[in-house]
Amino acid sequence: PAKGNPAAPVTIVEFTDFQCPSCAGAQPVLEKLVAEYGDRVRLVVRDFPLQMHEFAAKAAEAAEAARAQGKYWEYAGVLFANQKALGVDKLKEYATQVGLDRQKFDAALDSGQMADKVQRDLLDGIRLGVSGTPSFFINGRPTSERTYEGLKAAIEKALGEKAARK
């Protein structure tokens, strides 16, 4: 899932886990940065469910099922707000809350048809050296920044590099 201008000079890629408290904490920071930079920043989210989080992989599949219906961001927001309740029954309840077609959603979740998308993201993250969440890449470069100020500085640096190349 992506938010923002596809031709933006800066792309932030976040590897996230729906059971990770730090990931939930990063969401308002990312929202603020995307709003602040407008067409100059694009946010791309990748799934990286950590093994220690029992419900993270199924929650990621559920978010992918919501994305298939065009409601990823709304659904992801509900997951982050309810990190302590991510069992399959709750995932289905949240689908109703955000107005998803429950028949399609339940079929996708129950069949595991989104598991390959989650696994692909996870493997890509491992190849890129991701070991924890949230992990951010700005224009393909990993950054250890997680705060608003730190990510903003990394975005400004990337914007400066793009301008210098023109």
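About the criteria used
Residues numbered from 1 in each chain as written. Predicted model: local features only at pLDDT ≥ 70, side-chain atom pairs only at ≥ 80, totals over all residues. Heavy atoms only, no water. Helix = DSSP H or I, 4+ residues; strand = E, 2+ residues; numbered from the N terminus. Rg over C-alpha atoms; globule rule 2.2 N^0.38 Å. Buried < 20%, exposed > 50% of the residue type's maximum accessible area, 1.4 Å probe, protein only. Contact = heavy atoms within 4.5 Å. Areas by Shrake-Rupley, 256 points an atom, 1.4 Å probe, with all protein chains shown as cover. Lys, Arg positive; Asp, Glu negative; His and termini not counted. Charge placed at Lys NZ, Arg CZ, Asp CG, Glu CD. Phe/Tyr/Trp six-rings, centres within 6.5 Å; stacked < 30°, edge-to-face > 60°. Lys NZ or Arg CZ within 6 Å of the ring centre and 35° of its normal. Axes fitted to C-alpha atoms, helices over the stretch in contact; angles between N-to-C directions. Parallel < 35°, antiparallel > 145°, perpendicular 65-115°, else oblique. Left-handed = near helix turned anticlockwise from the far one by under 90°. Expected span 1.5 Å × (residues − 1). Arc of directions from axis to C-beta.

Draft legend 1. Quick look at the overall build of the protein. Each helix and strand counted, the protein has 7 helices and 5 strands in total. For a compact globule of 166 residues, the expected C-alpha radius of gyration is about 15 Å, and the protein comes in at 16 Å, within 12% of that figure. Along the three orthogonal principal directions, the C-alpha set of the protein runs to about 50 × 30 × 25 Å. Each of the 166 residues in the protein was classed as buried or not, and the buried ones make up 48%. Considering only residue pairs separated by 6 or more positions, the protein has 75% of its internal contacts joining residues 24 or more positions apart. Accessible surface for the protein amounts to roughly 8300 Å². Of this, 52% is attributable to carbon and sulfur atoms. Side-chain charges of the protein comprise 23 positive and 22 negative groups, with the mean position of each set lying 5 Å from the other.

Draft legend 2. A look at the packing of aromatic side chains. Evaluation of the coordinates by the stated rule reveals 5 aromatic pairs. With a centroid separation of 5.8 Å and 70° between ring planes, the pair formed by F15 and F137 is classed as edge-to-face. Of this pair, F15 sits in strand β2 (residues 10-16) while F137 sits in strand β4 (residues 135-138), and the two are 122 residues apart along the sequence. For F15, a relative accessible area of 0% puts it in the buried group. The residue whose ring lies beneath K3 is W73, and the NZ or CZ to ring-centre distance is 4.2 Å. The cationic tip of K32 hangs over the ring face of Y148; the distance from NZ or CZ to the ring centre is 4.1 Å.

Draft legend 3. Representation of the packing of helix α4 (residues 88-97) against helix α5 (residues 102-111). Taken N-terminus to C-terminus, the directions of α4 and α5 make an angle of 150°; their axes are 10 Å apart at the nearest point. Overall, the two elements α4 and α5 adopt an arrangement that is roughly antiparallel. Remark: the crossing between α4 and α5 carries right-handed chirality. Touching V88, L91, K92, E93, A95 and T96 of α4 are R102, F105, D106, L109 and D110, all from α5.

Draft legend 4. Geometry of the packing of helix α2 (residues 56-68) against helix α3 (residues 72-81). One can describe the packing of α2 onto α3 by two numbers: an axis separation of 8 Å at closest approach and a directional angle of 155°. Here α3 runs roughly antiparallel to α2, going by the angle between their axes. Once α2 is placed against α3, the crossing between them reads as right-handed. On the side of α2, the interface is formed by A59, A62, A63, A66 and R67, while α3 contributes Y72, Y75 and L79.

Draft legend 5. Fine view of helix α6 (residues 115-127). Taking 1.5 Å per residue as the helical rise, α6 with its 13 residues ought to reach 18 Å, and the 18 Å between its terminal C-alpha atoms agrees with that figure. When α6 is considered as a whole, its buried residues turn out to be V118, D121, L122, D124 and G125. With its buried residues spanning 160° around the axis, α6 presents them on a single face. Opposite the packed face of α6, turned more than 90 degrees from it, sit the exposed residues D116 and R127. Phi for G129, located one or two positions after α6, is positive at around 90°.

Draft legend 6. Summary view of unusual backbone geometry. Cis peptide bonds are those with omega within 30 degrees of zero, and the linkage from T133 to P134 qualifies with -10°. Summarising the element assignment, P134 is placed in the loop between α6 and β4. Not every positive phi belongs to a glycine, and N139 is a case in point at roughly 50°. As for its position among the elements, N139 is in the loop between β4 and β5 (141-143). Classification of N139 as partly exposed rests on a relative accessible area of 33%.

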